[in-house]
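Analysis of the macromolecular model
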Amino acid sequence: MKDKIIAIPLENGMLCAHFGHCQAFSIVKVKDGKITESNEVIPPEHVPGLYPRWVARFGVSDVIAGGIGQQAIELFKQQGINVFVGAPVKSPNDLVKDFFNNSLQLTANYCNH
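Residues numbered from 1 in each chain as written. Predicted model: local features only at pLDDT ≥ 70, side-chain atom pairs only at ≥ 80, totals over all residues. Heavy atoms only, no water.

Considering the overall build of the protein chain
The helix and strand tally for the protein chain stands at three helices and six strands. The C-alpha radius of gyration computed for the protein chain amounts to 13 Å, which stays within 12% of the reference 13 Å derived for 113 residues, consistent with globular compactness. Considering only C-alpha atoms, the protein chain reaches an extent of 35 × 25 × 25 Å along its principal axes. If you take every contact in the protein chain between residues at least 6 apart in sequence, the share linking residues at least 24 apart comes to 48%. Total accessible area on the protein chain stands at roughly 6,000 Å², and carbon and sulfur atoms take up 50% of it. Where the 10 positive side-chain charges of the protein chain centre and where its 10 negative ones centre are 6 Å apart. (Helix = DSSP H or I, 4+ residues; strand = E, 2+ residues; numbered from the N terminus. Rg over C-alpha atoms; globule rule 2.2 N^0.38 Å. Contact = heavy atoms within 4.5 Å. Areas by Shrake-Rupley, 256 points an atom, 1.4 Å probe, with all protein chains shown as cover. Lys, Arg positive; Asp, Glu negative; His and termini not counted. Charge placed at Lys NZ, Arg CZ, Asp CG, Glu CD.)

So, the pairing of strand β3 (residues 24-31)
Of all eight residues that make up β3, six are buried, and the element is covered over most of its length. The pairing of strand β1 (residues 4-11) with β3 spans seven bridges and is classified as antiparallel. Each bridged residue has a counterpart across the sheet, and for I5 the counterpart in β3 is K29. In this structure, β3 lies alongside strand β4 (residues 34-41), joined through seven bridges in antiparallel fashion. For K29, the partnering residue across the bridge sits in β4 and is E37. The loop that links β3 with its antiparallel partner β4 comprises two residues; one of these, D32, has a positive phi angle of about 55 degrees. (Buried < 20%, exposed > 50% of the residue type's maximum accessible area, 1.4 Å probe, protein only. Pairing = 2+ DSSP bridges.)

Describing the pairing of β1
By the criterion of burial, β1 is predominantly enclosed, with seven of the eight residues buried. With two bridges joining them, β1 and strand β5 (residues 62-64) adopt parallel strand pairing. Bridge pairing in β5 places A7 opposite V63. Note that β1 and strand β2 (residues 14-15) share two bridges and pair antiparallel. The residue bridging E11 from the neighbouring strand is M14, located in β2. As consecutive antiparallel partners, β1 and β2 are separated by two residues, and within that stretch N12 has a phi angle of approximately 55 degrees, a positive value.

Here's the deal with the pattern of salt bridges
Counted according to the given criterion, the structure contains five salt bridges. Its salt-bridge partner being K77, residue E74 comes within 3.8 Å of it at the nearest N-O pair. On the criterion of helical spacing, the pair formed by E74 and K77 is a turn pair, its members being three residues apart in helix α2 (residues 70-78). The partner of K90 in a salt bridge is D98, and the shortest N-O contact between them spans 2.5 Å. (Salt bridge = Lys/Arg side-chain N within 4 Å of Asp/Glu carboxyl O.)

So, in structure tokens, the structure goes:
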């Protein structure tokens, strides 16, 4: 499996249900299906459209999100970053493990503005 760098928006150490309101991002590096590094980074103040460009600077290949606006999804797509929407509120490591085991349960995007 290809190496990946996955970004996950966080609130209190768990997936933040609303992408634009997160307190931090977990940037998780995965090599050969195993987590090799995990860092928490504090984003700049939220401005619509800023987070996708900011997150992309970390070399991210994929984003696992709960609810996320359509504009943010489009901005990620323009940068070749895959967005997985409707993920459950879990720890970043659990979400990444589920992602690599093909057991990540995705539901509807609950951000609709």
